[in-house]
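Chain by chain, the residues:
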Amino acid sequence: MLRGMSRGYRWRIAAAGVVLQIVLGAVYAWSVFRNPLAALYGWSGAQITLTFTIAILVLGFSAFPGGLWMARRGPRVVAMTGGALYGLGVFLASFTGGRLWWLYLTYGLIGGVGLGLGYIVPVAVLVKWFPDRRGLITGVAVGGFGAGALIMAPLATRLIASLGVMTTFALVGAASGLLAVAAGSLMQNPPDGWQPEGWQPATLATTGSTGPGARRDYQLGEAVRTGRWWGLWLILFLNITAGISLISQEAPIFQELGSLSAATAAAMVGVASLGNALGRVGWAWLSDVLGRRLVFAAIFLLQALLFWLLPSTSGQLALTTIAFVILTCYGGGFGTMPATVADVFGPRNVGAIYGLMLTAWGLASAFGPLLIATMREQAGSYAGSLHAIAGLMLISTLLPLLARVGAGR
């Protein structure tokens, strides 16, 4: 009875997790606010980009305490608190009134804390509900986060054009908070001892020393003392650095390279962001088939090629396609890494172990966006910074091939 009841309920949990991630993933539409804020207050691109950087930096560091809090109090309270704080931060940004520090405090700090608390919950919960589809479900769990900008970018652009940027912050913040709290209220762990009907954990004989049949569940302190944890951290950091650099400047890059209007660039941001969502599911599913190591190597190699080609591209379709594929790789890292962590260290403490690993997200978000924005202002174009990222990705291809980062392959 326990198995049958829980088997149907786990898909409702998954749906609620996707909704929560879509709401939080609206942060990826930040680039559509850049030019309106610059026109309104005269701030530089680097100053405005710092808001996004703060939000993702704080996300990366607040996911870890969120994972610890979830272990003590359960996922529901953490998810609801995260959703409420994110909505509050965006709403309070509507009172910026030319004060750049207020924008950093509200959207960046308060909103970022909410993002971190909310983000870690579906990841940690769903790997427990779906041990039979670990790679796929972690992709689904974070796929909504990548899809958030698909909805928010065109919506925010229309609202800004008709109501202004500050009113847009107020409306988006209120709606986001309500939706995120409602979805978060449905988050819960499976009952003790639950497993899908007809499924049995794989054995060491079929998976090797890692994977769904991992030897045991590691405690957080044990995990971080291993070289494999730090290898996975570095892989995540490098992949995020590339993708977050593009995301933070996506609309201006489209406008510069393609000589496009703000509205056209915003629409392209939305379409390209679909790649972020689909990559989280697609690459994660592929990692169940081919293994985590080969998937991470392919992600890095593909990005090296595409970042090198991007500065010489000008057509609207070509720009959108390249950005779309790059963002599938960016999202693929997020989709594949939680499953990898559960493979290597066991699923029980994945909230804390992967939550701490998300500090890579925070640090990459401080490094990548500010680097590309600063290089753009100094050089007068994006070409040099995009080629630099291409070189970084080419070198990074070696890391998953040399390190033991995936299950059994």
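Remember, it's a predicted structure, so these values are computed and weren't measured experimentally.

Rules behind the numbers
- Residues numbered from 1 in each chain as written.
- Predicted model: local features only at pLDDT ≥ 70, side-chain atom pairs only at ≥ 80, totals over all residues.
- Heavy atoms only, no water.
- Helix = DSSP H or I, 4+ residues; strand = E, 2+ residues; numbered from the N terminus.
- Buried < 20%, exposed > 50% of the residue type's maximum accessible area, 1.4 Å probe, protein only.
- Polar contact = N/O pair within 3.5 Å; in protein donor to acceptor, adjacent residues only side chain to side chain.
- Contact = heavy atoms within 4.5 Å.
- Salt bridge = Lys/Arg side-chain N within 4 Å of Asp/Glu carboxyl O.
- Patch = residues over 30% accessible without salt bridge, like charges linked within 9 Å, V, L, I, M, F, W, Y side chains within 5 Å.
- Areas by Shrake-Rupley, 256 points an atom, 1.4 Å probe, with all protein chains shown as cover.

A. Layout of the side chain of T336. Within the secondary structure, T336 sits in helix α14 (residues 316–345). Classification of T336 as buried rests on a relative accessible area of 0%. Within the local environment of T336, its side chain forms a polar contact with the backbone oxygen of G332, the two atoms lying 2.9 Å apart. Apart from residues no more than four positions distant in its own chain, T336 is found in contact with W283, A284, S287, R292, V295 and F296.

B. Looking closely at the pattern of salt bridges. For the structure on display, the rule yields two salt bridges. We note a salt bridge from R292 to D288, for which the minimum N-O separation is 2.9 Å. A relative accessible area of 4% means that R292 is categorised as buried. The salt bridge partner of R292 is D343, with a shortest N-O separation of 2.7 Å. Placement of R292 in helix α13 (residues 292–309) and of D343 in helix α14 is noted, with a sequence separation of 51 residues between them.

C. Representation of the side chain of N239. On the secondary structure map, N239 appears in helix α10 (residues 227–248). One polar contact links the side chain of N239 to the main-chain carbonyl oxygen of C329, over a distance of 3.2 Å. Those residues in contact with N239 that lie beyond four places of it in its chain are I299, F300, Q303, C329, Y330 and G333.

D. Representation of a nonpolar patch on the surface in the model. A surface patch of nonpolar side chains, amounting to about 730 Å² of accessible area, comprises W285, V289, L290, L294, L398, L401 and L402. Elements represented by at least two residues in the nonpolar patch include exactly α12 (262–290) and α18 (398–402). With respect to the helices, strands and loops of the structure, L294 is situated in helix α13.

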